[in-house]
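What the coordinates show
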Amino acid sequence: MGVTKIKGHSIKKLPTVEGEALVTTDLIAFWGGTDWETGEIVEVSHQARGKNMAGKILVCPAGKGGAGDTFGYYYLYKSGKAPKAIVCNRGQGTTLAGALLTDTPMIYGFKENVVDIVSDGDMVKVDSEKGEVTITKKDS
Amino acid sequence: MHLDEEEEMMLAGEEGKGTQKAMEILKAKGEAEDAKRMVKIVYAHLMPPDTMFFPYGRQGRWARDLTGELTKGVTRLKVPATMEPKFVDLAMAKDIEFTDELVKEMDSIMLPAAEFFENLGVIPSYTALPFLIYPTKLGQHVSIAESIAILWYNTMFGSRCERDDGVTSLAAAITGVYPEIGVHLSENRFAEVVIRPGKDIEPARFTYTDWDAYSLAAARKGKEKTPVFVGLPPDMTFTQLKHLLAVIAVESGLAIMHIVGITPEAPTLKDALGGKKPLAEFEIGKREIDEAYDIATTATDPGVDYVFLGCPHVTEAELKEVAEALDGKKVNPSVKLVVSTTWQYLQAAEEMGYADIIRKAGATLTKDMCIAFSGTQVSGTIATDSIKAAFFYTGFSSKTTRRVWFGTIQDCIQSAITGKWQGRR
């Protein structure tokens, strides 16, 4: 039916959110790699360069960047350009801190490689109470 | 998650609002990762946003508010702490295109913040290399906010810290504790992928920038997996290790890596992998190194406007190379050359005569500041020897037109003298 449910580790129980997926196969930096005024990925050699994460469900292998990356996420959030939720493979410290600081739902550590099963434009529901992510393929 | 009596008291607000907020932050982090308890830390390295993160405009006010909430009523820290560089040295900020208004605004946010932390007893290290000032031991728990330093404390010392940011490390310094999560636990410290040099490269003959390129190439192969490096020279110097660790720390978001024969938890490959089979093995050859140089090099215009050295801070060995390349020469009037180091290295350079040579050539020698962040104010073409800095110079804004030449200290200095890029294209 084009609907897949996957289970991971939720960092905090927050209301369920739903939105369109932005998938990056490269790791993502919020501090330096993303424009905190616009939500656009600006890292020069990044696979998703030019795409915008504002209001999306961000799906990526993990966050990267310097230790300032948490502030990058915080500034993005303060500008109203943060994603609705983060779904990733590894829940790296600076990304996790940014999500906690801004009450962004974040689920990580799935059996599957998330960037392989979600595509740009899929509808993704993030239930952080259950640690469950529901993916509805855009062409279904 | 179990909290002991003292931790419960901090959470209840018995030690003031700031300490309460700090404990709430650490408890939330512990719960996010299913921690069973807190562990005592012995040291913290701080990254206050109001001293380091563009301390002007609305983000400057956000930073000040964020730190203000966390330090309300806090009069001392529970562990020794050092601190990141400040954003910029205000005395030279105009050289890198900051206006008088911005200098005034930074003066009103950055300097009071720095003074506040100094009054709390923070060691005014203002360094990206805190492991030189406060080295810790195998198995000790710490909280560090600086990507290369996080990787260094775990990898080179075998101490234990997560990828902490400015808020988390400050909370840890205020309370003296940290949730037992991630690489604070032995089972999460093992390598997952193996990185080895290909037969067509010779790591023993690498320049510092080759180490940056090797590091970027390794990050692009291993992505978020913890790597173990094999086949690297056992006598790697401090400065070589600085270059190897700095790039992968940013590019892979790693808290720990291993180097067989060099790092304390990797006497053998088997030890580094915890007896398990690696998920993957990658070889880095000439092709991958060339690709990394190409990624770091975004400039096409041969004209160079700025040459920035010192991300992370230039070491004594590098200051010697800078002085040797500049000895008796003059920086081209169309170029600004900034060499950014720590106050300890600067003091040594003064006594050894390097500082005099560098200044006489017309370069700006600075301390205590972050040239990677403050260097993003300029327009035009920057030459640098740091892939970490190149990442920041070409980032932050979709509107930026700044482009970067990447090459060795010698390439960068020759370019500063001639005004044209002299290195690899």
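This part takes up the domain arrangement of chain B. Residues and elements named next belong to chain B. Here chain B is partitioned into domain 1 (5-186), domain 2 (190-294) and domain 3 (298-418). Each of domain 1 and domain 2 has a C-alpha centre, and these two points are 28 Å apart. On the side of domain 2, 13 residues touch domain 1, which itself brings 15 residues to the contact. Class assignment for the residues of the side of domain 1 that touches domain 2 results in eight nonpolar, five polar and two charged.

Residues and elements named next belong to chain A. Burial along strand β8 (residues 132-136) is one-sided: Val-133 and Ile-135 are buried, while Glu-132, Thr-134 and Thr-136, pointing the other way, are not. Where strand β1 (residues 3-7) lies against β8, five bridges are found, and the strand directions are antiparallel. Looking at the pairing, Thr-4 lines up with Ile-135 of β8. Here strand β7 (residues 123-127) pairs with β8 via five bridges, running antiparallel. Considered in β8, the bridge of Val-124 is made with Ile-135.

Residue and element names in this part refer to chain B. Strand order in the open sheet formed by four strands is β8-β7-β6-β9, and the pairing between neighbours is parallel. Taken across any chain shown, the strands that pair with only one partner, and hence form the sheet edges, are β8 (258-259) and β9 (280-284). On the sheet, helix α8 (residues 208-222) packs against β6 (193-197), β7 (227-229) and β9 and is oriented at approximately 150° with respect to β9.

What follows covers the environment of Val-339 of chain B. All names here are of chain B. If you trace the backbone, Val-339 turns up in strand β11 (residues 336-341). For the pair Val-339 and Lys-199, spaced 140 residues apart in sequence, the C-alpha separation works out to 35 Å. The contacts of Val-339, once residues within four sequence positions are left out, are Leu-309, Gly-310, Val-314, Val-322, Ile-358, Ala-363 and Leu-365.

What follows covers unusual backbone geometry. All names here are of chain B. Of note, the amide linkage connecting Cys-311 to Pro-312 takes the cis form, showing an omega dihedral of -15°. For Pro-312, the position within the fold is in strand β10 (residues 306-314). A positive phi angle is found at Asp-34, which is not glycine, with a value near 55°. Along the polypeptide, Asp-34 turns up in the loop between α2 (17-32) and β1 (38-40). Its identity as a non-glycine residue notwithstanding, Phe-54 has a phi of 50°, on the positive side. Assessed through the 25 C-beta atoms surrounding it within 10 Å, Phe-54 is described here as buried.

Take the pairing of β6 of chain B next. All names here are of chain B. Where β6 and β7 come together, three bridges link them in parallel fashion. Across the sheet, residue Val-193 finds its bridge partner in β7, namely Pro-227. In this fold, the crossover linking β6 to β7 by way of α8 has right-handed handedness. Pairing geometry for β6 and β9, over five bridges, is parallel.

Right, let's get into the packing of helix α1 (residues 69-78) of chain A against helix α2 (residues 93-102) of chain A. All names here are of chain A. Remark: α1 packs on α2, axes separated minimally by 8 Å, with the N-to-C direction vectors making an angle of 30°. In terms of their interaxial angle, α1 and α2 are classed as roughly parallel. For the pair α1 and α2, the sense of crossing is right-handed. Across the interface between the two elements, Asp-69, Thr-70, Tyr-73, Tyr-74 and Tyr-77 from α1 touch Thr-94, Thr-95, Ala-97, Gly-98, Leu-101 and Thr-102 from α2.

This next bit is on the nonpolar core. Of all hydrophobic cores here, the largest spans 194 residues; its most connected members are Val-59 and Val-87 of chain A together with Leu-46, Leu-151, Val-307, Val-322 and Ile-358 of chain B. Broken down by element, this core gets its largest block of residues, eight residues, from α8 of chain B. Setting aside its immediate chain neighbours within four residues, Val-87 of chain A contacts Ile-57, Val-59, Ile-107, Val-114, Val-124, Val-126 and Val-133 of chain A.

Calculation criteria
Residues numbered from 1 in each chain as written. Chains lettered and ligands numbered in written order. Predicted model: local features only at pLDDT ≥ 70, side-chain atom pairs only at ≥ 80, totals over all residues. Domains from an automatic or database assignment. Contact = placed C-beta atoms within 7 Å. Nonpolar A, V, L, I, M, F, W, Y, C, P; charged D, E, K, R; others polar. Buried ≥ 20, exposed ≤ 12 C-beta atoms within 10 Å, placed from the backbone. Helix = DSSP H or I, 4+ residues; strand = E, 2+ residues; numbered from the N terminus. Pairing = 2+ DSSP bridges. Axes fitted to C-alpha atoms, helices over the stretch in contact; angles between N-to-C directions. Right-handed = clockwise from strand over helix to strand, strands pointing away. Parallel < 35°, antiparallel > 145°, perpendicular 65-115°, else oblique. Left-handed = near helix turned anticlockwise from the far one by under 90°. Core = buried A, V, L, I, M, F, W, Y, C linked by C-beta atoms within 7 Å.

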